[in-house]
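Examining the three-dimensional arrangement
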4 protein chains.
Amino acid sequence: MTPKRIDRQARREEILDAAVRVFARKGFTASRIDDVANEAGIGKGSVYLYFDSRDALLNAAFEAFAARSQHVLDQARRGGDPPLERISALVHAVLRALSEEPDLARILLDLWSAGREGDLPLDMAGLYAQYRTVLTELLAQAGAEGSARPGLGERHATVIVGAIEGCLLQWLLDPRLPVEEMADPILDVCLNGLRCRDESQAGR
Amino acid sequence: MTPKRIDRQARREEILDAAVRVFARKGFTASRIDDVANEAGIGKGSVYLYFDSRDALLNAAFEAFAARSQHVLDQARRGGDPPLERISALVHAVLRALSEEPDLARILLDLWSAGREGDLPLDMAGLYAQYRTVLTELLAQAGAEGSARPGLGERHATVIVGAIEGCLLQWLLDPRLPVEEMADPILDVCLNGLRCRDESQAGR
Amino acid sequence: MTPKRIDRQARREEILDAAVRVFARKGFTASRIDDVANEAGIGKGSVYLYFDSRDALLNAAFEAFAARSQHVLDQARRGGDPPLERISALVHAVLRALSEEPDLARILLDLWSAGREGDLPLDMAGLYAQYRTVLTELLAQAGAEGSARPGLGERHATVIVGAIEGCLLQWLLDPRLPVEEMADPILDVCLNGLRCRDESQAGR
Amino acid sequence: MTPKRIDRQARREEILDAAVRVFARKGFTASRIDDVANEAGIGKGSVYLYFDSRDALLNAAFEAFAARSQHVLDQARRGGDPPLERISALVHAVLRALSEEPDLARILLDLWSAGREGDLPLDMAGLYAQYRTVLTELLAQAGAEGSARPGLGERHATVIVGAIEGCLLQWLLDPRLPVEEMADPILDVCLNGLRCRDESQAGR
DNA sequence: TATGAATGAGTGTTCATTCAT
DNA sequence: AATGAATGAACACTCATTCAT
């Protein structure tokens, strides 16, 4: 709360933003502390006044990412709208959040990689587990109220989360894909399915 | 003057397998040439008799991966079965192939990361583009013959590819997820949708 | 924000001097970056703060050498003294310069070797060409004014340059030879010749 | 004397010739055993059946070079011609020998470098000392018989040797120089001098 | 607080040499 | 004798981290 704190916090943020831009541009592995310092317009040594290590920068980036996600998750948990609408809102919110901060989105590949085995204590898996839990719950509600098929469970939630992340992945690998326009197709496919609905009629 | 008993191809394969195991265990970035050599039970220098560089190992791993994918893609292109069945077969084939070679699957994160920014000429994006093309074509056929909704396009294909890869991702981040059992849920969601089919009736 | 007390130029010079000492002692090929760092009393990595590569060290040594040569050449070009005296001054200056910096002289062998085949852009040949040009010009002047035989050309200049460098070579291979005392013999031989002047008389 | 011996000797010679060609082309330091084996059209391991080590190849090249030199030296020592003619013959012989085996000449730089400090027991210095001794002796004889100035000593011999080697050096650094035509200019300069002979007359 | 010079552990790669065939 | 696959010591170079100023 002291002005110092605020300054310090702001400085830290600046550096983190610079780091995220650098990571987004060349990937974490290829990014040097020097690159981050240059991007932030400060000396290399100063980075260490705000972050313990190079890995800590990626950790902080993860935390920023996780915070955005928590916000989206909280909204999905709280809302009083019908469950399918909340699912729709969730999917839109995730993709909108990333569209609005493309640099943060572009480090997803690094976060996924770092979220493996020992290195960083960076729990991407836990984040996706939360998404699955929320969606599983919403699907259950939707099933209960008759707007979704009955008997839906975590695996179906996994598919929805997968569709979102898988579309992000394809966009990361090929930025020409219009990620911000993928929310509706994702929802269309997952909610309505691709099979012809008039099958019984057509089958006649 | 003897043709030398050594089968270069087989030796190369052995080393590549060792490399894939190492990469799967600790990730490409954290893997040292020495690790690969030890895993293969040979000297460090010998790796270079079969691969030009450390990167070349990841490249070769990609090629092995891409070869498997091509096989799956070719089958999806050739088959004479109804389009929705071929889509089903495709999804099953992809997940089965990776279940059967989990180490190859576990390097997906590295292949995705390497598929960025010039470093390696490793075209993961092109691979997914092929999946999208095949699926787009199959959806069009299905639409034409009435088994799928009309008007389906590449975006819907993108969602299916995304669902597959997104489920793989979740498994990679949390190996407790039963990836080999996700084919059916993926198909269930994507083909049938999650919404209640009797909606019109229920909607009154 | 302090301009840092470190004088980059001076530091660079220190390292270069250390490198020259090391090269002089064991030859460039046998000299390790670590040797240079140790000789300079700094860490290995610090060498790279001032030089791009090991080769760059030899390059810089060449430049130092070439700068000394340019100085000598410039003096030979400018002076208004009689041409034979300027040649004499040139020979003395070359040998004195090298006597005064024996370490710089001792890397001549490396500079000659490096001046071959593309590796380094280190133009020893050009340096000697300059010496030949200057001497050719001075011989022509001397011929015109009658102090030297008429009809002298570049080949005679080549012989003078050769005599200098060849004496240096013999000294480098056998340091017991008194290089600093060779200027007069070189001039004596080249100017006066070894043949007996009274040959016609003596020939009777 | 056994046919085996002869074969072995011939094989050794072939490999040495190949090595000399390779060294001449890229310099000893940049030459790999593999290069030599390829040039000789044999397997890498086979080189070691005839030479103990890579350095031994350069040593053998030196010995070949030294043998040629010994031949030239012997002729200079034996002949019964007037001393100045024998000096002339010596200079011509040295340059002719090298012109006729340019590859052997081109490794001079490497021989000079190797003839330094410890590494190889390769005595270039001793070779040049022999030339100096022979020339010193011939100059003394010439002085005694009145064809050369009296009072000539080892330093004058050093200059002659220097002129030869220095011209070779310039040719090695710039192959456009016509080394085979330098014998006469060298002799002209060293025997007749460059100064105008009619100085006393002109001085009047 | 801020800096950037200094460091040295770490690693990819090379290549002379060995040796089983 | 001949081979070339295998080896591992050696080394140039990088870069995260430290610390004196």
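What you see is a predicted model, and the numbers here were worked out from it, not measured in a lab.

Details of the UniProt feature "DNA-binding region" (unreviewed entry) in chain A
- In this numbering, the UniProt entry assigns the feature "DNA-binding region" (unreviewed entry) to residues 32-51 of chain A.
- End-to-end, the C-alpha atoms of residues 32-51 of chain A are 14 Å apart, and along that stretch the chain is 75% helix and 0% strand.

Looking at the protein's contact with DNA strand E
- The local shell around DNA strand E holds 33 residues, among which S46(A), Y50(A), R11(C), S46(C) and Y50(C) are the closest.
- Between S46(A) and DNA strand E, the recorded distance is 2.5 Å, taken from a side-chain N or O atom to a phosphate oxygen.
- Between DNA strand E and R54(B), the relevant distance is 2.8 Å, taken from a phosphate oxygen to a main-chain nitrogen or oxygen of the residue.
- Within the residue set of the surface near DNA strand E, elements represented by two or more residues are α3 (44-50) of chain A, α3 (44-50) of chain B, α3 (44-50) of chain C together with α3 (44-50) of chain D.
- For the surface near DNA strand E, a count of residues per class yields 12 nonpolar, 10 polar and 11 charged.

Focus: the interface of chain C and chain D
- In this assembly, 53 residues from chain C lie in contact with 54 residues from chain D.
- Summing both sides of the interface, chain C and chain D together bury roughly 4900 Å²; the carbon and sulfur share of this comes to 61%.
- At the boundary of chain C and chain D, one finds 4 salt bridges.
- For E181(D), the salt bridge goes to R155(C), with nearest N and O atoms at 2.6 Å.
- At the boundary of chain C with chain D, the tally comes to 25 residue pairs in polar contact (both at pLDDT 80 or more).
- For the side of chain C that touches chain D, the secondary structure elements donating two or more residues are α1 (8-26), α7 (108-114), α8 (124-145), α9 (154-173) and α10 (183-192) of chain C.
- Top element by residues in the side of chain C that touches chain D is α9(C). It accounts for 14 residues.

Description of the interface of chain B and chain A
- The partner chain A presents 54 residues to the 53 residues of chain B that form the contact.
- Each partner contributes to the roughly 4900 Å² buried at the junction of chain B and chain A, and carbon and sulfur atoms together form 60% of this total.
- Looking only at chain B, the three residues that lose the most surface to chain A are R116(B), L194(B) and R195(B), adding up to 15% of its buried area.
- Remark: the boundary between chain B and chain A carries 4 salt bridges.
- Ionic pairing is found between R149(B) and D188(A), a salt bridge with its closest N-O pair at 2.7 Å.

A look at the arrangement of the chains
- The closest approach of any C-alpha atom in chain A to one in chain C is 10 Å; the two make no contact.
- In this structure chain B stays clear of chain C, and the shortest span between their C-alpha atoms is 22 Å.

Focus: the relation of the copies chain B and chain A
- Between chain B and chain A, which share one sequence, the superposing operator has a rotation angle of 179° and an axial displacement of 0.0 Å; the RMSD is 0.1 Å. Accordingly, the operation relating the two chain copies is best matched by a two-fold axis.
- Comparing interface residues between copies, 100% of those in chain B also sit at the interface in chain A, which points to an isologous, same-surface contact.

Thoughts on the domain arrangement of chain A
Residues and elements named next belong to chain A.
- If you check the domain split of chain A, you get domain 1 (1-51) and domain 2 (62-196).
- Each of domain 1 and domain 2 was reduced to a C-alpha centroid, and the two centroids are 29 Å apart.
- Taken residue by residue, the interface counts 7 residues in domain 1 and 5 residues in domain 2.
- Remark: the boundary between domain 1 and domain 2 carries 1 residue pair in polar contact (both at pLDDT 80 or more).

Rules behind the numbers
- Residues numbered from 1 in each chain as written.
- Chains lettered and ligands numbered in written order.
- Predicted model: local features only at pLDDT ≥ 70, side-chain atom pairs only at ≥ 80, totals over all residues.
- Heavy atoms only, no water.
- UniProt positions renumbered as here; feature names shortened; annotations may be inferred.
- Helix = DSSP H or I, 4+ residues; strand = E, 2+ residues; numbered from the N terminus.
- Near = heavy atom within 4 Å.
- Polar contact = N/O pair within 3.5 Å; in protein donor to acceptor, adjacent residues only side chain to side chain.
- Nonpolar A, V, L, I, M, F, W, Y, C, P; charged D, E, K, R; others polar.
- Contact = heavy atoms within 4.5 Å.
- Buried area = accessible area lost by both parts, 1.4 Å probe.
- Salt bridge = Lys/Arg side-chain N within 4 Å of Asp/Glu carboxyl O.
- Least-squares fit on C-alpha atoms with pLDDT ≥ 70 in both.
- Domains from an automatic or database assignment.

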